[in-house]
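Examining the three-dimensional arrangement
Single-letter residue listing:
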Amino acid sequence: MSEPPLVDVRGLSRTFDVSKPWLNRVLEGDERRLLKAVQDVSFTIERRETFALVGESGSGKSTVAKMVVGLLQPTDGSVTIDGVDMWKGSAAGDIKALRRRIQMIFQDPYASLNPRWRVGRIIADPIRAFGLAKGKAEIEHRTGELLRLVGLDPLDARKYPHEFSGGQRQRICIARALSSKPQFLVCDEPTSALDVSVQAQILNLMRDLQDQFGLTYLFISHNLAVVRHMAARIGVMYLGRLVEIAPAGALFSAPQHPYSRMLLDAVPDLKMSGRPRKMIEGEIPNPIRPPPGCAFHPRCPLATDQCRSEVPLPLAFQGRTVACHEAGAGRI
Amino acid sequence: MTRPVLSVRGLRVEFPTRKGVLVAVDDISFDIAEGEVLGVVGESGAGKSMTGSAVIGLIEPPGRIAGGEVRLDGRRIDNLPYEEMRRIRGRRIGMIFQDPLTSLNPLYRIGDQIVETIRAHAPVGEKAARQRAIALLGDVGIQGAEARIDSYPHQFSGGMRQRVVIALALAADPELVIADEPTTALDVSIQAQIIQLLKRLCRERGTAVMLITHDMGVIAETADRVAVMYAGRIAEIGPVRDVVQSPHHPYTKGLMGSIPTLDANAPRLMQIPGAMPRLNAIPKGCAFHPRCMEALGRCWQDRPEPAAIGRSEVACWLTAGAVAGAGR
């Protein structure tokens, strides 16, 4: 029997209240306005696997990441990591033990390091917080080890974040994330702020570390090529919903959801093969007032009356999950 | 060959500081022909935006053009007085910047902004200018232009705003458009629309375009020729197909290899060690030599000048040696 998946996300939803203040609502007769940032998202991540979420701005991918690491409470649904439910019905001790095993890497390496702390203290913070090493010498030794692991010098522990370039700072963020010996890393656009040559260094480093420590990644990006390079399975998000989950190879060779197809066609063609591309029409609708039925129908070339009224449910289909009324009808 | 619309020769941009003079753009030369799109690509700090600013005469003091010349249609523009240069900007050189929100005035209707631009540069009446503004908005793909011309910038989405900015840049029918990271702030699906639009409009009008971006994909899609910049200099310049598919300069090779692609599932990306040098620490000789896997002794000492290889020009001792070797 195979091991159960490390991460199991079921029916995850999050609604934000973006109404005007109470008095304005009363005086101006406005309705309460709710933004459904994430709706009914389910996926699993196997151990030592990289699962990626991809989507355009406003698709809810970062909101999912925050709920998975425990920074944001879901409105509905559950996040279960290694058998422990992050939000409901678990003992506080179990959750604390779980927190050590989950770490996060953020997009902006300039904003995610305290400018007034030396690098050594930044990296040692999780070690101290979880009591993983005792005594100054042991902590210093461990910090030096971590810095060497991410390709920096142990002496860099004495410097401040501003003395490093963007790529080096992201290495520091990775060292900090690894300091609590986690199993599961959530990476929210880890290379979007970096130049391509530096991005390649960081992506290679992340792969090496995964092999070395058997890490599991939830990798979030808007860049399809980066996702293709990193992930084994990919979930495509559109306006808060997962529209397709598929193995990377299958998604890129034969996308089944019209939105996945559209995203792929939009990627600039470096090979200059002159492959035919469908121009994408329209823009992402306002998430406060999403279109009825399938949220993608106003931009979809295949939309039918059913799409305009009924929300398509995710269906398992040839080893993948697709939420589209027309999937499998051979029209995509 | 016809005279190029834009011709830059030996351009050098300096920033005097207390610790010495920083050279942001160092002796670069290129031409852009009518209807041609020249892509200028490089990583942050390569000097690509600074080159664009130098061409339109918008370098912030204390920065200054310290050498070389910029010619528009054969006439020097880098030494013009401020007032004369101001008349050229907008009229003969259009500009598109990264963030469409900052290039539009939030307090004016978009129609008024376009009409103002048209009337500032052409002797037409209010009505005629408005008609032209509507036609322009239609050209850039804004549906119902007649109704939307009286909207404010905040009533448009990011992609639509960038279309308005393009309309504004083309309002006075310029000979040259400088687009600095025009799609960087946009989502991928919108980015593709904007690239296609810019390319189509400039081709139809015969406008020369200098497209500045860090995104090789955008260059491959849009540009006819590309200049790859590194540490203030052009490492390689040539037809986009040659540069993208068979680069000569080790930096271009590394850059192309480090871009993840959709089809190849290589376990590792090619990587260039280190990072672009800061302006105050540009190495002697070839600025790329500390990161170059193939550096020769000569690369540490002498600065390579651009030399022709096929249809490209490459500033590298390795390829220069190969050409000399072949000639012997």
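In this convention, every chain numbers its residues from 1, walking through the sequence in written order. Going through the entries in the order they are written, you letter the chains from A and number the ligands from 1. Under the rules for a predicted model, residues below a pLDDT of 70 receive no local features and side-chain atom pairs below 80 are neither given nor counted, while totals for whole chains, interfaces and linings still include all residues. Hydrogens and water molecules were not included; the side-chain quantities draw on all heavy atoms of the structure.

Digging into the overall build of chain A
- For chain A, the helix and strand inventory stands at eleven helices and twelve strands.
- In this setup the radius of gyration rests on C-alpha atoms only. A globule is expected at 2.2 Å times the number of residues raised to 0.38. The C-alpha radius of gyration of chain A comes to 22 Å, within 12% of the 20 Å expected for a compact globule of 332 residues.
- Oriented by its inertia axes, the alpha-carbon framework of chain A measures out at about 70 × 60 × 45 Å.
- Burial classification: accessible surface area is computed with a 1.4 Å probe over protein chains only, and a residue below 20% of its type maximum counts as buried, one above 50% as exposed, and the rest as partly exposed. Considering chain A as a whole, with its 332 residues, one finds that 53% of them fall into the buried category.
- For chain A, the proportion of contacts with a sequence separation of at least 24, taken over those separated by at least 6, is 65%. The secondary structure listing takes helices from DSSP runs of H or I that are at least 4 residues long and strands from runs of E that are at least 2 residues long, numbered from the N terminus. By definition in these notes, contact holds between two residues if any of their heavy atoms fall within 4.5 Å.

What about the sheet that holds strand S4 (residues 64–72) of chain B?
Residue and element names in this part refer to chain B.
- Strand order in the open sheet made by the four strands is S2-S1-S4-S5, with antiparallel pairing throughout. The sheet terminates laterally at strand S2 (20–32) and strand S5 (75–76), the two strands that pair on one side only.
- In terms of strand pairing, strand S1 (residues 6–17) meets S4 through seven bridges, oriented antiparallel. Bridge pairing in S4 places Glu14 opposite Arg64.
- Of the strands in this sheet, S1, S2 and S4 are in contact with helix H1 (residues 48–55), which crosses S1 at around 110°. When DSSP locates at least two bridges between a pair of strands, those strands are taken to pair. Note on method: axes are straight lines fitted to C-alpha atoms, helices fitted across the in-contact stretch only, with angles between N-to-C directions ranging 0 to 180 degrees.

Things to note about helix H7 (residues 158–170) of chain B
All names here are of chain B.
- With 13 residues, H7 should reach 18 Å at 1.5 Å per residue; the first-to-last C-alpha distance of 19 Å fits that figure.
- Within H7, twelve of the 13 residues are buried, which leaves the element mostly enclosed by the surrounding structure.
- Listing the buried residues of H7 in full gives Gly159, Met160, Arg161, Gln162, Arg163, Val164, Val165, Ile166, Ala167, Leu168, Ala169 and Leu170.
- Buried positions along H7 lie against strand S6 (93–96), helix H3 (100–103), helix H4 (110–121), helix H5 (126–139), strand S7 (176–180) and helix H8 (188–205). Expected helix span is computed as 1.5 Å times (number of residues minus one).

Observations concerning the interface of chain A and chain B
- On the chain B side, the residues contacting the 40 residues of chain A number 42 residues.
- Buried area adds together the accessible area that both of two parts lose upon being put together, with accessible area traced by a 1.4 Å probe. Roughly 3,600 Å² is buried in total at the junction of chain A and chain B, and carbon and sulfur atoms are behind 53% of that figure.
- Within this document, salt bridges are pairs made up of a side-chain nitrogen of Lys or Arg and a carboxyl oxygen of Asp or Glu, the two lying within 4 Å of each other. Summed over the shared surface of chain A and chain B, the number is one salt bridge.
- Taking the shortest distance from any N to any O, the salt bridge between Asp208(A) and Arg268(B) comes out at 2.7 Å.
- We define a polar contact as two N or O atoms separated by no more than 3.5 Å, with the added condition that, inside protein, one atom must be a possible hydrogen donor and the other a possible acceptor, whereas residues neighbouring each other in sequence contribute only through side-chain atom pairs. The tally of links from chain A across to chain B stands at nine residue pairs in polar contact (both at pLDDT 80 or more).
- Tallying contributions element by element places helix H7 (residues 196–213) of chain A first for the side of chain A that touches chain B, with ten residues.
- In this classification, the charged set is Asp, Glu, Lys and Arg, the nonpolar set is Ala, Val, Leu, Ile, Met, Phe, Trp, Tyr, Cys and Pro, and all remaining amino acids, among them Gly, are polar. Of the residues assigned to the side of chain A that touches chain B, the class counts are 20 nonpolar, seven polar and 13 charged.

Re the confidence of the model for chain B
- Taken as a whole, chain B shows an average pLDDT of 88; of its residues, 96% reach a score of 70 or greater.
- ipTM for the predicted complex: 0.80, alongside a pTM of 0.86. Within a predicted model, pLDDT stands for the predictor's per-residue confidence, ranging from 0 to 100.

So, the side chain of Asp188(A)
Residues and elements named next belong to chain A.
- Structurally, Asp188 can be placed in strand S7 (residues 184–188).
- In this tally, Asp and Glu contribute negative charge and Lys and Arg positive charge; neither His nor the terminal groups of the chain are included. One buried charged residue, Asp188, remains without a salt bridge, the closest side chain of opposite sign being Lys66 at 6.4 Å.
- Among the polar contacts made by the side chain of Asp188, one reaches the side chain of Ser62 at a distance of 3.0 Å.
- Setting aside residues no more than four positions away along its own chain, Asp188 makes contact with Ser62, Met104, Ile105, Phe106, Gln107 and Ile220.

Looking at helix H11 (residues 250–257) of chain B
- Counting buried residues in H11(B) gives six out of eight residues, a clear majority hidden from the surface.
- Buried within H11(B) we find Pro250(B), Tyr251(B), Thr252(B), Gly254(B), Leu255(B) and Met256(B).

Comments concerning the environment of Ile288(A)
Residue and element names in this part refer to chain A.
- Summarising the element assignment, Ile288 is placed in the loop between helix H10 (258–266) and helix H11 (305–309).
- In the structure, Ile288 is positioned 78 residues away from Gln210 in sequence and 38 Å away in space, judged by C-alpha atoms.
- Non-local contacts of Ile288, meaning those with residues more than four positions away in its chain, are made with Val18, Arg33, Leu34 and Leu35.

Looking at the packing of aromatic side chains
- What counts as a ring pair is set by centres within 6.5 Å for rings of Phe, Tyr and Trp (its six-membered ring), and what kind of pair is set by the plane angle: stacked under 30 degrees, edge-to-face over 60, tilted for all other angles. Under the counting rule described, the total for this entry stands at seven aromatic pairs over all chains.
- Ring geometry for Tyr238(A) versus Phe296(A): centroids 5.2 Å apart, planes at 85°, classification edge-to-face. Residue Tyr238(A) is found in strand S9 (residues 233–238), and its partner Phe296(A) is found in the loop between H10 and H11; the two are separated by 58 residues along the sequence.
- Aromatic side chains Tyr230(B) and Phe288(B) sit 5.2 Å apart centroid to centroid with 85° between the ring planes, which places their arrangement in the edge-to-face category.

Re the layout of surface pockets
Residues and elements named next belong to chain B.
- Using a 1 Å grid laid over the protein atoms alone, points where a 1.4 Å probe fits but cannot get out form a cavity; open sets with protein on both sides within 12 Å along at least 5 of 7 lines form a pocket; any residue with an atom within 4 Å of a point counts as lining. Grid points are joined across faces, edges and corners, and a volume is the space filled by probe spheres set on the points. Looking at the second largest pocket, its volume works out to about 650 Å³.
- Around the second largest pocket, the lining comprises 20 residues; the ones closest to its centre are Arg89, Gly90, Met95, Thr117 and His121.
- Those elements that provide at least two residues to the lining of the second largest pocket are helix H2 (82–88), S6, H4 and H7.
- Looking at the lining of the second largest pocket element by element, the count peaks at five residues for H4.

Overview of the pairing of strand S3 (residues 50–54) of chain A
Residue and element names in this part refer to chain A.
- Summarising burial for S3: five of the five residues are buried, a large majority.
- Of the two faces of S3, the one carrying Thr50, Ala52 and Val54 and the one carrying Phe51 and Leu53 are both buried.
- Bridge count for S3 against S9 is four bridges, and the pairing is parallel. Among the inter-strand pairings, Phe51 is bridged to a residue of S9, identified as Arg233.

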